[in-house]
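# Close look at the chain arrangement
Listed below, chain by chain, are the residues.
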Amino acid sequence: DTEVTQTPKHLVMGMTNKKSLKCEQHMGHRAMYWYKQKAKKPPELMFVYSYEKLSINESVPSRFSPECPNSSLLNLHLHALQPEDSALYLCASSQDTAGLAGGFLGTGELFFGEGSRLTVL
Amino acid sequence: GEDVEQSLFLSVREGDSSVINCTYTDSSSTYLYWYKQEPGAGLQLLTYIFSNMDMKQDQRLTVLLNKKDKHLSLRIADTQTGDSAIYFCAGGAAGGTSYGKLTFGQGTILTVHP
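As the structure is a prediction and not an experimental result, all values here were calculated from the model.

## Overview of the environment of B:Thr23
Residues and elements named next belong to chain B. Positionally, Thr23 belongs in strand 3 (residues 18–24). For Thr23 and Cys89, which are 66 residues apart along the polypeptide, the C-alpha to C-alpha distance reads 8.9 Å. The contact partners of Thr23, leaving out residues within four places of it in the chain, are Asp3, Val4, Glu5, Lys70 and His71.

If you want it as structure tokens, here you go:
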């Protein structure tokens, strides 16, 4: 299984709603990521989890709250979003982060899900 | 930090070769990647090259790396209409807290005409 599965594929929410995006992988990867992508732009890193601990937060507003319940799952909780937060949210995973494992492992490639397209009204 | 630049558009005829170029600033990038993104889809890893390599070939794909000029290219031989997509180059470091933290170029929109 080399897939990263994201649900839902599409989400429409109002600015007062609370919703969550979910991501799952069964490749035994210990690093998981959230990226945000606007139309025809490159993905922008939001969060990195390594061994279920948050290791990078790229100054993301607190209305986005990540959660890593276990090594296979990654959630992104959304609350009080703004229309400008409408985008494609991509989850990715990679084999490891070398900082914790010690030494270098793998080739660092990220495996991406198909994304969750979020529209905030 | 890393800065990665790509030309924004490329248009070719079916059957021709496509060459997508990328320049990067951070020489500590250990790996350089090419991702493909079709409309409405996620990113698909096409190929990668280690920074100690000059060239890598994988079926119709050839990656060339010029470390001196910090220039990376992706050549697609016999380009097909199914190759029409956005192509992102990305750089990543080998270790420490930057591992897995990729910096993406702006993406090149490849259009293949029949």
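Having seen it, we continue.
## Digging into the sheet that holds strand 8 (residues 73–79) of chain A
In a beta sheet, neighbouring strands are held together by backbone hydrogen bonds and run either parallel or antiparallel to one another. All names here are of chain A. Reading across the sheet, the four strands line up as 1-3-8-7 and stay open at both edges, with antiparallel pairing between neighbours. Here the strands that pair on one side only, and so sit at the sheet edges, are strand 1 (4–7) and strand 7 (64–70). Here the average twist between neighbouring strands, direction ignored, is 20 degrees.

## Considerations on the pattern of salt bridges
For the structure on display, the rule yields six salt bridges over all chains. A:Arg63 is the salt-bridge partner of A:Asp85, the closest N and O atoms lying 2.7 Å from each other. Taken together, the residues span a long stretch of sequence, with A:Asp85 in the loop between strand 8 and strand 9 (87–94) and A:Arg63 in the loop between strand 6 (53–57) and strand 7 at a distance of 22 residues. The exposure class of A:Arg63 is partly exposed, given its relative accessible area of 24%. Linking B:Lys67 and B:Asp54 is a salt bridge whose minimum nitrogen-to-oxygen distance equals 3.2 Å. Pair noted here: B:Lys67 is in the loop between strand 7 (61–66) and strand 8 (71–76) and B:Asp54 is in the loop between strand 5 (43–50) and strand 6 (55–58), with a separation of 13 residues, a long-range link. By relative accessible area, B:Lys67 is classed as partly exposed at 38%.

Cut-offs used in this document
Residues numbered from 1 in each chain as written. Chains lettered and ligands numbered in written order. Predicted model: local features only at pLDDT ≥ 70, side-chain atom pairs only at ≥ 80, totals over all residues. Heavy atoms only, no water. Helix = DSSP H or I, 4+ residues; strand = E, 2+ residues; numbered from the N terminus. Contact = heavy atoms within 4.5 Å. Pairing = 2+ DSSP bridges. Axes fitted to C-alpha atoms, helices over the stretch in contact; angles between N-to-C directions. Salt bridge = Lys/Arg side-chain N within 4 Å of Asp/Glu carboxyl O. Buried < 20%, exposed > 50% of the residue type's maximum accessible area, 1.4 Å probe, protein only.

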